[in-house]
Amino acid sequence: MSFEYKLKKNCCDTKARVGELSTPHGKIDTPIFMPVGTKATVKSMSPEELEEIKSQIILSNTYHLYLRPGHELIEEAGGLHEFMNWEHPILTDSGGFQVFSLGDLNEITEKGVTFQSHLDGSKHFISPEKSIEIQMSLGADIIMAFDECAPYPAKRDYVKNSLERTTRWLERCIAAHTRDDQALFGIMQGGMYRDLREESAQQITQFDLPGYAIGGLSVGEPKEEMLEVLDYAPDLLPEDKPRYLMGVGTPFDLFEGVMRGVDMFDCVFPTRIARNGAVFTSHGRITIRNAKFKKDFTPLDHECDCYVCNNYTRGYIRHLIKRNEILGLRLTTYHNLYFLLDMMEKIRQAIKEDRFLEYRAQFYKKYGLE
Ligand SMILES: CC#C[C@H]1NC(N)=Nc2cc3[nH]c(NC)nc3cc21
Ligand SMILES: [Zn+2]
């Protein structure tokens, strides 16, 4: 199995840690943020631009690629790396969450889930085995178990039954997974219930897997509830394996997740808000459409060293976004991803130098988070 996670260093008196995850398509420095490329593209970014901003791994979605263009077509193209010309690591989500959040659910049984496509209403059935079959066809380096995703909020009994089915489905995923050049991660469920989180972690870690994810967060719960779960959930997972917090997050979420021992993150937020002209800067988020930027011929972020900030101004990008010019969303997307990836590099450096808390305090003060 060409997977190895090396925990390199904890930081001072926090749970923040740096590590290195080696995969068949290259090494990943953790903690890491994964740009989301749901339909085999990080919207508006070329692979070369993703390399330029030092993106080490991207995420794609089984649900979307299964519906269109179909995993068989992508397999015929040589797999997802070949199809999208991305030669670095890829992680695919299993479709569990997307079927529950996007698809029109018809039936959930022990066998699997029957749903109607959000694209054309066509009927589909996905089981743990089917999800693994699709992910093996796509050929990502890290694949996710097919989990049963309880809605938020959900009653305790529902969450308990859901986590227990997720564990039974995990066992079926493991049995169906025959590619040894892929790492299968299990997903912890349990909602906002500490005892159910402990039960889920105890069940999924019975299986010796290359990594484990924390599912069921960033599903509409208040920030405080997410942090409450994160105060204990990462520690329920093995220290010597990567811990992946699914669907998170913003600069604040990333700092708080790292501080609680999380190693991997993904989120559509940075790229989604970019397309609407919301931009990260060292001094907080700005909405570039705002009239005050009309004649502002300075960079998006005065402290950013990215290609966009070195070559374009707020006034020009505001003009592009207001006119729905494609270059506008390309520039805001490029900058937002650079901002987050650069922030994660600075976090890794701060952990190595035992000054994570100081860097966090300094970032929060400037960003307006304190
Ligand atoms: C319940 C559950 C669960 C998790 N299960 C799988 N397979 N993927 C996820 C993706 C997520 N994205 C967000 N927020 C944007 N929360 C997520 C949670 C999951
Ligand atoms: Zn920039």
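Residues numbered from 1 in each chain as written. Chains lettered and ligands numbered in written order. Predicted model: local features only at pLDDT ≥ 70, side-chain atom pairs only at ≥ 80, totals over all residues. Heavy atoms only, no water.

Draft legend 1. Representation of the overall build of the protein chain. Counting its regular elements, the protein chain contains 15 helices and 16 strands. For 370 residues, the compact-globule formula gives about 21 Å, and the C-alpha radius of gyration of the protein chain, at 20 Å, lands near that figure. Its C-alpha atoms give the protein chain principal-axis dimensions of roughly 60 × 50 × 40 Å. By the burial criterion, 57% of the 370 residues in the protein chain qualify as buried. Sequence-distant contacts, at least 24 apart, represent 66% of the contacts inside the protein chain between residues at least 6 apart. (Helix = DSSP H or I, 4+ residues; strand = E, 2+ residues; numbered from the N terminus. Rg over C-alpha atoms; globule rule 2.2 N^0.38 Å. Buried < 20%, exposed > 50% of the residue type's maximum accessible area, 1.4 Å probe, protein only. Contact = heavy atoms within 4.5 Å.)

Draft legend 2. Main features of the environment of Glu225. Tracing the backbone through its elements, the reader meets Glu225 in helix α9 (residues 223–230). The exposure class assigned to Glu225 is partly exposed, which follows from its relative accessible area of 25%. Here Glu225 is in contact with Tyr152 and Met192, once residues within four sequence places are set aside.

Draft legend 3. Region of interest: the site of ligand 1. The environment of ligand 1 is formed by 14 residues, the closest being Asp93, Asp147, Gly216, Leu217 and Ser218. Asp93 places a side-chain nitrogen or oxygen 2.7 Å from a nitrogen atom of ligand 1. Between ligand 1 and Ser218 there is a distance of 2.8 Å, counted from a nitrogen atom to a backbone nitrogen or oxygen. Look at ligand 1: alone it shows 440 Å² of surface, and the protein chains cover 89% of it. Residue classes in the shell around ligand 1 are distributed as six nonpolar, six polar and two charged. (Near = heavy atom within 4 Å. Polar contact = N/O pair within 3.5 Å; in protein donor to acceptor, adjacent residues only side chain to side chain. Areas by Shrake-Rupley, 256 points an atom, 1.4 Å probe, with all protein chains shown as cover. Nonpolar A, V, L, I, M, F, W, Y, C, P; charged D, E, K, R; others polar.)

Draft legend 4. Summary view of the coordination of the zinc ion (ligand 2). Looking at the zinc ion (ligand 2), one finds its protein donor set to be Cys304 (SG), Cys306 (SG), Cys309 (SG) and His335 (ND1), positioned 2.1 to 2.3 Å from the metal centre. Classification of the site at the zinc ion (ligand 2) as tetrahedral follows from its four donor atoms and the range of 101 to 119° in their angles at the metal. In primary sequence terms, the donor set of the zinc ion (ligand 2) follows C-x1-C-x2-C-x25-H. Here His335 lies in helix α14 (residues 326–352) and Cys304 lies in the loop between β16 (284–287) and α12 (307–311), a separation of 31 residues in the sequence. A relative accessible area of 0% means that His335 is categorised as buried. (Donors = N, O, S within 2.8 Å, 3.2 Å for Na, K, Ca; no water. Tetrahedral: all angles 85-135°; square planar, octahedral: opposite > 155°, others 65-115°.)

Draft legend 5. Spotlight on the packing of aromatic side chains. Applying the stated criterion across every chain yields a total of 16 aromatic pairs. Relative to Tyr367, the ring of Phe339 has its centre 6.4 Å away and its plane inclined at 40°; by these criteria the two rings are tilted. With Phe339 in helix α14 and Tyr367 in helix α15 (residues 356–367), the pair connects residues that are 28 residues apart, well separated along the chain. Here Phe339 falls in the buried class, since its relative accessible area comes to 7%. Exposure remark for Tyr367: the relative accessible area of 12% places this residue in the buried category. Ring centres of Phe363 and Tyr367 lie 5.2 Å apart, and the angle between their planes is 20°; on these two criteria the pair is classed as stacked. Of this pair, Phe363 and Tyr367 both sit in helix α15, four residues apart, which is roughly one turn of that helix. No difference in accessibility class separates Phe363 from Tyr367, as the two residues are buried. Among the aromatic residues, those joined into a cluster by ring pairs are Phe252, Phe255, Phe269, Phe280, Phe339, Phe356, Tyr359, Phe363, Tyr364 and Tyr367. (Phe/Tyr/Trp six-rings, centres within 6.5 Å; stacked < 30°, edge-to-face > 60°.)

Draft legend 6. Representation of helix α6 (residues 128–138) within the structure. By the criterion of burial, α6 is predominantly enclosed, with eight of the 11 residues buried. Restricting attention to buried positions, one finds in α6 the residues Pro128, Ser131, Ile132, Ile134, Gln135, Met136, Ser137 and Leu138. Positioned one or two residues after α6, Gly139 has a phi angle of 85°, which is positive.

Draft legend 7. Looking closely at the nonpolar core. By size, the foremost hydrophobic cluster in this structure holds 94 residues, and its most contacted members are Phe33, Phe265, Met343, Ile347 and Phe356. Looking at this core element by element, the count peaks at 12 residues for α14. Leu21, Ile32, Ile57 and Tyr244 belong to the second-largest nonpolar core, a separate cluster that totals 19 residues. (Core = buried A, V, L, I, M, F, W, Y, C linked by side-chain atoms within 4.5 Å.)

Draft legend 8. Geometry of a negative patch on the surface. Taken together, the side chains of Glu48, Glu51, Glu52 and Glu87 make up a negatively charged region of the molecular surface. When you line up the elements, Glu52 lands in helix α1 (residues 47–52). According to the relative accessible area criterion, Glu52 is partly exposed, its value standing at 45%. (Patch = residues over 30% accessible without salt bridge, like charges linked within 9 Å, V, L, I, M, F, W, Y side chains within 5 Å. Salt bridge = Lys/Arg side-chain N within 4 Å of Asp/Glu carboxyl O. Lys, Arg positive; Asp, Glu negative; His and termini not counted. Charge placed at Lys NZ, Arg CZ, Asp CG, Glu CD.)

Draft legend 9. Spotlight on the pattern of salt bridges. One pass over the structure, following the stated rule, counts 28 salt bridges. In this structure, the salt-bridge partner of Glu353 is Arg355, at a minimum N-O distance of 2.6 Å. Residue class for Glu353 comes out partly exposed when judged on its relative accessible area of 42%. Here the salt bridges share partners, and the residues they tie into one network are Lys6, Lys8, Glu20 and Lys27.

Draft legend 10. Quick peek at the packing of helix α10 (residues 251–259) against α15. As a packed pair, α10 and α15 sit with axes 11 Å apart at the nearest point and diverge in direction by 165°. Classed by the angle they form, the pair α10 and α15 counts as roughly antiparallel. In this structure, α10 meets α15 at a crossing whose hand is left-handed. Here Pro251, Phe252, Phe255, Glu256, Val258 and Met259 of α10 come into contact with α15, specifically with Phe356, Leu357, Tyr359, Arg360, Phe363, Tyr364 and Tyr367. Here the residues of the contact of α10 with α15 sort into 11 nonpolar, no polar and two charged. (Axes fitted to C-alpha atoms, helices over the stretch in contact; angles between N-to-C directions. Parallel < 35°, antiparallel > 145°, perpendicular 65-115°, else oblique. Left-handed = near helix turned anticlockwise from the far one by under 90°.)

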